[in-house]
Amino acid sequence: MNARCNLLSLSSHVPSQVLTNDDLAKMVDTSDEWITTRTGIKERRRLAATENASDLGYKAALKALDEAGMKAGELTHVIAATCTPDSLCPSVACIISGKLGAGAVMAFDVSAACSGFLYGLSLCRSILAQDPAARILFVCAEALTRRSDWTDRTTCVLFGDGAGACILTADDRPPLATLEDAICKSDGSLNQLIIVGGGTASQYKQGDPVGSDFFIHMQGREVYRHAVRQMSSICEEILERNGLSIRDVDLFVPHQANLRIIEAVGSRLEIDADKVFTNVEHYGNTSSASVPLALVEARAQGRLEPGMRVLMTAFGGGLTFGATLLRF
Ligand code: UT7
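Residues numbered from 1 in each chain as written. Predicted model: local features only at pLDDT ≥ 70, side-chain atom pairs only at ≥ 80, totals over all residues. Heavy atoms only, no water.

A. The nonpolar core, seen in detail. Membership of the largest hydrophobic core comes to 37 residues, with the highest contact counts inside it found for F117, F138, L168, L295 and M312. Of all the elements, helix α5 (residues 116-130) adds the most residues to this core, at six residues. Here this core spans two domains, since at least three of its residues come from each of domain 1 (6-174) and domain 2 (179-327). Those residues within four positions of F138 in sequence are excluded, and the remaining contacts are I79, A80, A81, G116, F117, G120, L121, C124, G164, A165, C166 and L168. With 28 residues, the next largest nonpolar core counts A227, L239, I246 and V265 among its residues. (Core = buried A, V, L, I, M, F, W, Y, C linked by side-chain atoms within 4.5 Å. Buried < 20%, exposed > 50% of the residue type's maximum accessible area, 1.4 Å probe, protein only. Helix = DSSP H or I, 4+ residues; strand = E, 2+ residues; numbered from the N terminus. Domains from an automatic or database assignment. Contact = heavy atoms within 4.5 Å.)

B. Structural view of the packing of aromatic side chains. Applying the stated criterion to the full structure yields four aromatic pairs. Their ring planes at 85° and their centres at 6.0 Å tell us that F214 and F215 sit as a pair that is edge-to-face. There is no split in this pair, since F214 and F215 are both buried. Relative to F321, the ring of F315 lies with its centre 6.3 Å away and its plane at 20°, an arrangement referred to as stacked. The same class applies to F315 as to F321, namely buried. (Phe/Tyr/Trp six-rings, centres within 6.5 Å; stacked < 30°, edge-to-face > 60°.)

C. Structural view of the side chain of D161. If you trace the backbone, D161 turns up in strand β7 (residues 161-169). R46 provides the closest opposite charge to the buried, salt-bridge-free D161, at an N-O distance of 5.9 Å. A polar side-chain atom of D161 sits 2.7 Å from the main-chain amide nitrogen of L47. Excluding anything up to four places from it in sequence, D161 contacts V14, P15, R45, R46, L47, L56, E142, A143, L144, T145 and T286. (Lys, Arg positive; Asp, Glu negative; His and termini not counted. Salt bridge = Lys/Arg side-chain N within 4 Å of Asp/Glu carboxyl O. Polar contact = N/O pair within 3.5 Å; in protein donor to acceptor, adjacent residues only side chain to side chain.)

This is the structure:
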């Protein structure tokens, strides 16, 4: 597909409350040492009781509009990727669109868990191919701590909250970055490996206490294995499809779930360690928001210069996975 798909802006927002590993060690039988050595995570952000995923996404969206020099009324589409929406209906995209006063835009959510940013970019490219005049706000917003079971040490130490946003168009404005290619896939036969509960399969009558089916469940070791294999192979596929080698990549920005997974994928791809961007240490796994959070931070650190090619990859519940090439 040759459609032009330009990012005019890229922004993020994280809640202010920091939850350190030591804080978690007071809640469950864990330690800073275990979490650091097994995951690389030192701290994560947790949204306030008064906030929802859409509030984080809204704040990121305001910054994305501001950087693009656009008003909400100019948008044609608002799309949100999330696996922790405020509600099953309305969508996070509709809530954000309403708050922004975006008017009669097409608005809907994408459910691709941690691959949500990559799935969303691919979808935006298809929309722009069909409608080159489209002006899309794409938001990734997650409130994973709301579905964390704080009695389950195998999952609650891993996740954090956050949001990312970008504006995408195909017009002649000078872009921040251009989407070169995207591949998104899934293996639905493994859908039980990661579950974020709270959907209609959780069957409660009024007054019933919430059960464990309401929370995040993950078969960590299995997921780890698939994550390393699928992210490595889909990165190889996208490089090969574009006639590129790993040496043509200036920065590798993988989904920030676990430092060991990132290092394993980096080593399979034989990419120089100094080209691998990580910030999992500060945010934990923020699902769809993790790649935009990493991109924004890489930019702030001066690691994304114009002309650089970025390879992104992600993996998550579904199981979904993908790889994307961005040219800054
Ligand atoms: O974003 C989408 C996808 N998600 C992921 O990518 C996550 C993929 N999986 C992982 O990152 C890793 O599998 C985990 C970080 C979840 C777990 O690391 P692991 O090295 O695979 O540990 P494990 O599950 O094999 O558990 C090892 C031991 C167990 O104890 P025993 O059975 O050996 O006595 C666990 O009970 O560590 C224990 N354990 C903990 N100990 C202290 C598990 N969680 C904790 C904890 N603190 N928080």
